[in-house]
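The primary structure of each chain is shown beneath.
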Amino acid sequence: MKKKLNISHEVESTLSSLDGVQRAEPGDFFFTRLQARMQRSGAADAWERFLAIVTRPSIAIAGVLLILAVNSFMFVQMKPAPERTEQAMLQQDFDDASQLGISTTFYDFDKPE
């Protein structure tokens, strides 16, 4: 019971605090400034909106980092292959000279009688 009295007392005190409230009034020249802002933001064409988005620092930094990452990836991929070593060249020369490209198998050899 005491709780209900306490709650009703709080409700009454809250409602009575609203008795002296007046309607909010806008500041001086509010309407003029509002109209100027609306005209300024409505006149932007597609390029101006695009540039406004791209020139944000977070977007610009992300774009530059993306371009650098793609360039570094392409640089690593386009790195020339290492030159053949001397041993590989000698092996190729030996294969060319001896013509080991002819397929011989173990069974092609003559058997002693």
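Please read all numbers here as calculations on a predicted model, not as lab measurements.

Asker: Go over the overall build of the chain with me, naming the residues and quoting the values.
Answerer: Within the chain, the secondary structure is distributed over five helices and zero strands. When the helices and strands of the chain are read in sequence order from the N terminus, they spell out α-α-α-α-α. In the structure as shown, the chain presents an accessible area of about 11900 Å², 63% of it carried by carbon and sulfur atoms.

Asker: Any chance you could break down unusual backbone geometry for me, citing the residues and the numbers?
Answerer: Positive phi, close to 60°, is recorded for Phe-29, a residue that is not glycine. Tracing the backbone shows Phe-29 in the loop between helix H1 (2–17) and helix H2 (30–42). On the basis of relative accessible area, Phe-29 is assigned to the exposed category, the value being 65%.

Asker: Tell me about the packing of aromatic side chains, and name the residues and values.
Answerer: On inspection of all chains with the given rule, the structure shows one aromatic pair. Ring centres of Trp-47 and Phe-50 lie 5.9 Å apart, and the angle between their planes is 85°; this geometry places the pair in the edge-to-face category. Of this pair, Trp-47 and Phe-50 both sit in helix H3 (residues 46–54), three residues apart, roughly one helical turn.

Asker: Please set out a nonpolar patch on the surface residue by residue, giving values where relevant.
Answerer: A cluster of nonpolar side chains, namely Trp-47, Phe-50, Leu-51, Ile-53, Val-54 and Ile-59, defines an oily patch on the protein surface of about 600 Å² accessible area. Tallying contributions element by element places H3 first for the nonpolar patch, with five residues.

Asker: Break down the confidence of the model for the chain for me, with residues and values.
Answerer: Per-residue confidence for the chain gives a mean pLDDT of 78, with 73% of residues at or over 70. Across the chain, helix H4 (residues 57–77) holds the top mean pLDDT of 93, while helix H5 (residues 86–98) sits lowest at 70.

Rules used in this analysis
Residues numbered from 1 in each chain as written. Predicted model: local features only at pLDDT ≥ 70, side-chain atom pairs only at ≥ 80, totals over all residues. Heavy atoms only, no water. Helix = DSSP H or I, 4+ residues; strand = E, 2+ residues; numbered from the N terminus. Areas by Shrake-Rupley, 256 points an atom, 1.4 Å probe, with all protein chains shown as cover. Buried < 20%, exposed > 50% of the residue type's maximum accessible area, 1.4 Å probe, protein only. Phe/Tyr/Trp six-rings, centres within 6.5 Å; stacked < 30°, edge-to-face > 60°. Patch = residues over 30% accessible without salt bridge, like charges linked within 9 Å, V, L, I, M, F, W, Y side chains within 5 Å. Salt bridge = Lys/Arg side-chain N within 4 Å of Asp/Glu carboxyl O. pLDDT = per-residue confidence, 0-100.

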